[in-house]
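# Analysis of the macromolecular model
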Amino acid sequence: MMSPRGLFRAFALSEGVTWTLLLSGLAAKAWLGAPDPLVTVVGGIHGAVFLGYAFVSALVGVNQRWGLGRTVLAVALAIVPYATIPFEKQVERTGRLEGDWRREHSGDARDDHWFDRLYRWFILRPFVLTATLLLAVIVIFALLLLIGPPGGWPAND
């Protein structure tokens, strides 16, 4: 299993790459008349990576005990183009990505909490964790597709 550091860094960079794809697709559509499906495809890829980054940020934030504020900030920064990259550099520089997955009770009183026990249960079952997170991303992505693109909210039918 990839380390918390490796997983977070991969998703933070991927979020930046998909921002580039999305902005390039939008520019190509506006300036070069690129077809709508291009933006739909790159927008879908970006959306899926965005959701994946949000889940990975929450997972790593819990593991590294970033606290609610820093974890929410990590997720929220995905909304701002390329903001995940300097955030990743900052948490790396400050040592907040050090360490392995918390698979066992560390003796810390916080590990007695039901949420930490559930967290460790999932960490010990990476296939179940991955399947659960992937299912959550698919369900949220599908719901967002049903709602329509952000520029169309709320639908005026």
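Reference entry: report on the structure contained in this document. (Residues numbered from 1 in each chain as written. Predicted model: local features only at pLDDT ≥ 70, side-chain atom pairs only at ≥ 80, totals over all residues. Heavy atoms only, no water.)

### Details of the overall build of the chain
The helix and strand inventory of the chain stands at six helices and zero strands. Counted from the first residue to the last, the chain has its helices and strands arranged as α-α-α-α-α-α. In terms of overall dimensions, the chain has a C-alpha envelope of 60 × 35 × 25 Å along the principal axes. Long-range pairs, those at least 24 residues apart, make up 64% of the contacts in the chain with a sequence separation of at least 6. Placing the 14 positive and 12 negative side-chain charges of the chain at their respective mean positions leaves the two points 4 Å apart. (Helix = DSSP H or I, 4+ residues; strand = E, 2+ residues; numbered from the N terminus. Contact = heavy atoms within 4.5 Å. Lys, Arg positive; Asp, Glu negative; His and termini not counted. Charge placed at Lys NZ, Arg CZ, Asp CG, Glu CD.)

### Comments concerning the packing of helix α2 (residues 36–63) against helix α3 (residues 68–76)
The contact between α2 and α3 brings their axes to 9 Å, and the two run at 160°. The angle between α2 and α3 places the two elements in the roughly antiparallel class. Where α2 crosses over α3, the two elements pack in a sense that is right-handed. Taking contact as the criterion, the partners of Y53, A54, S57, A58 and G61 in α2 are, on α3, T71, A74 and V75. (Axes fitted to C-alpha atoms, helices over the stretch in contact; angles between N-to-C directions. Parallel < 35°, antiparallel > 145°, perpendicular 65-115°, else oblique. Left-handed = near helix turned anticlockwise from the far one by under 90°.)

### Brief notes about the pattern of salt bridges
For the structure shown, the criterion picks out twelve salt bridges. When the shortest N-O distance is used, the salt bridge between E92 and R5 registers 2.9 Å. Residue E92 is found in helix α4 (residues 84–93), and its partner R5 is found in helix α1 (residues 4–32); the two are separated by 87 residues along the sequence. Measuring nitrogen to oxygen at the nearest pair gives 3.1 Å for the salt bridge that ties R103 to D100. On the accessibility criterion, D100 (48% relative accessible area) is partly exposed. One salt-bridge network, held together by shared partners, links R65, R102, D108, R110, D111, D116 and R120. (Salt bridge = Lys/Arg side-chain N within 4 Å of Asp/Glu carboxyl O. Buried < 20%, exposed > 50% of the residue type's maximum accessible area, 1.4 Å probe, protein only.)

### Quick notes on a nonpolar patch on the surface
Residues W114, F115, L118, W121, F127 and V128 make up a contiguous nonpolar surface patch of roughly 660 Å² in combined accessible area. Those elements that place two or more of their residues in the nonpolar patch are α5 (114–123) and α6 (126–147). Among the elements that take part in the nonpolar patch, α5 stands out by supplying four residues, more than any other. Summarising the element assignment, F115 is placed in helix α5. (Patch = residues over 30% accessible without salt bridge, like charges linked within 9 Å, V, L, I, M, F, W, Y side chains within 5 Å. Areas by Shrake-Rupley, 256 points an atom, 1.4 Å probe, with all protein chains shown as cover.)

### Here we look at the packing of aromatic side chains
With the rule as written, the count across this model stands at six aromatic pairs. Taken together, a centroid distance of 5.0 Å and an interplanar angle of 90° make the contact between W121 and F122 edge-to-face. Clustering of aromatic rings is evident, with ring pairs tying together F8, Y53, W66 and F87. (Phe/Tyr/Trp six-rings, centres within 6.5 Å; stacked < 30°, edge-to-face > 60°.)

### A word on the side chain of Q64
With respect to the element layout, Q64 can be found in the loop between α2 and α3. According to the relative accessible area criterion, Q64 is buried, its value standing at 15%. In contact with Q64, other than residues within four places in its own chain, are P4, R96, L97, E98 and D100.

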